[in-house]
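# A closer look at the structure
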Amino acid sequence: MGEHYFSAAPTGPDTRCQVVVHLGGRDVTVTTSGGVFSAGHVDLGTRVLLDHLPDPAPGDLLDLGCGWGPLSIEAALRARDLADPLDVWALDVNTRALDLTADNARTLGLDKVRAVTAGQVPADLRFTTIWSNPPVRIGKPALHQLLRSWLSRLTDDGTAWLVVARNLGADSLHGWLTDTLDRPVDRVASAKGFRVLRVGPA
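Residues numbered from 1 in each chain as written. Predicted model: local features only at pLDDT ≥ 70, side-chain atom pairs only at ≥ 80, totals over all residues. Heavy atoms only, no water.

### Considerations on the pattern of salt bridges
Inspection of every chain in the model, using the stated rule, returns 10 salt bridges. Notably, a salt bridge pairs Asp 171 with Arg 187, separated by 3.8 Å at the nearest N-O pair. Highlighted residues: Asp 171 in helix 5 (residues 170–180) and Arg 187 in strand 8 (residues 185–191), separated in sequence by 16 residues. Owing to a relative accessible area of 39%, Asp 171 belongs among the partly exposed residues under this scheme. For Arg 187, a relative accessible area of 44% puts it in the partly exposed group. The partner of Arg 195 in a salt bridge is Asp 171, and the shortest N-O contact between them spans 2.9 Å. Highlighted residues: Arg 195 in strand 9 (residues 194–199) and Asp 171 in helix 5, separated in sequence by 24 residues. Residue classification places Arg 195 among the buried positions, given a relative accessible area of 10%. Through salt bridges with shared partners, a single ionic network connects Arg 16, Asp 99, Asp 103 and Arg 106. (Salt bridge = Lys/Arg side-chain N within 4 Å of Asp/Glu carboxyl O. Helix = DSSP H or I, 4+ residues; strand = E, 2+ residues; numbered from the N terminus. Buried < 20%, exposed > 50% of the residue type's maximum accessible area, 1.4 Å probe, protein only.)

### A word on the confidence of the model for the protein
Per-residue confidence for the protein gives a mean pLDDT of 93, with 94% of residues at or over 70. Contacts from residues 1–5, a stretch scored under 50 in pLDDT, to residues over four places away or in other chains number 11 contacts. (pLDDT = per-residue confidence, 0-100. Contact = heavy atoms within 4.5 Å.)

### Describing the side chain of Asn 104
Along the polypeptide, Asn 104 turns up in helix 3 (residues 95–107). By relative accessible area, Asn 104 is classed as buried at 3%. With residues up to four places along the chain from it excluded, the contact list for Asn 104 reads Val 30, Thr 31, Trp 68 and Ile 73.

### Details of the environment of Arg 126
Mapped onto the secondary structure, Arg 126 falls in the loop between strand 5 (113–116) and strand 6 (127–132). According to the relative accessible area criterion, Arg 126 is partly exposed, its value standing at 39%. C-alpha of Arg 126 to C-alpha of His 41: the two residues are 85 residues apart in sequence and 30 Å apart in space. Among the polar contacts made by the side chain of Arg 126, one reaches the main-chain carbonyl oxygen of Leu 154 at a distance of 2.6 Å. Among the polar contacts made by the side chain of Arg 126, one reaches the side chain of Asp 156 at a distance of 3.5 Å. (Polar contact = N/O pair within 3.5 Å; in protein donor to acceptor, adjacent residues only side chain to side chain.)

So, in structure tokens, the structure goes:
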């Protein structure tokens, strides 16, 4: 199998470039590179998700599959504007993605963003919010395991927001989440070939 954005240690060239993207209600300059998801821009699915997200609740937010950090940056910028206490946990298996997220957060002065692997997240930590454009291309069994593991760590009143392409199984994933979780799962939007799913409080 060739190298993918979900490879833990990309071996392709780490050729970094700066791009201007619109996050947190403003244009910001970020650094991206090859070997990470959607290098060079905010991908369409993430943009659809961003267009429908409410402000995160105070507490701890998990950006599941953070890539170079667009969702983490959005969350941290919104929380800073609102003066809300929010710790952002930017999680990925891709070490290059984590390095980029950490660099971007540092450059933007977002000191509440932690770029981490799964083993670096405290075992007893629960999240008030999860945002994710999940890595559906890892395959259905691995995706289900990933979501089951992290969605179980929502607080009782916590919510998760996911975006999945319709042609990559968004509706079947909606059904699986409904059958698997002891929480309501709603489709809150459908736009540009993507579904936005909300996993509600228990």
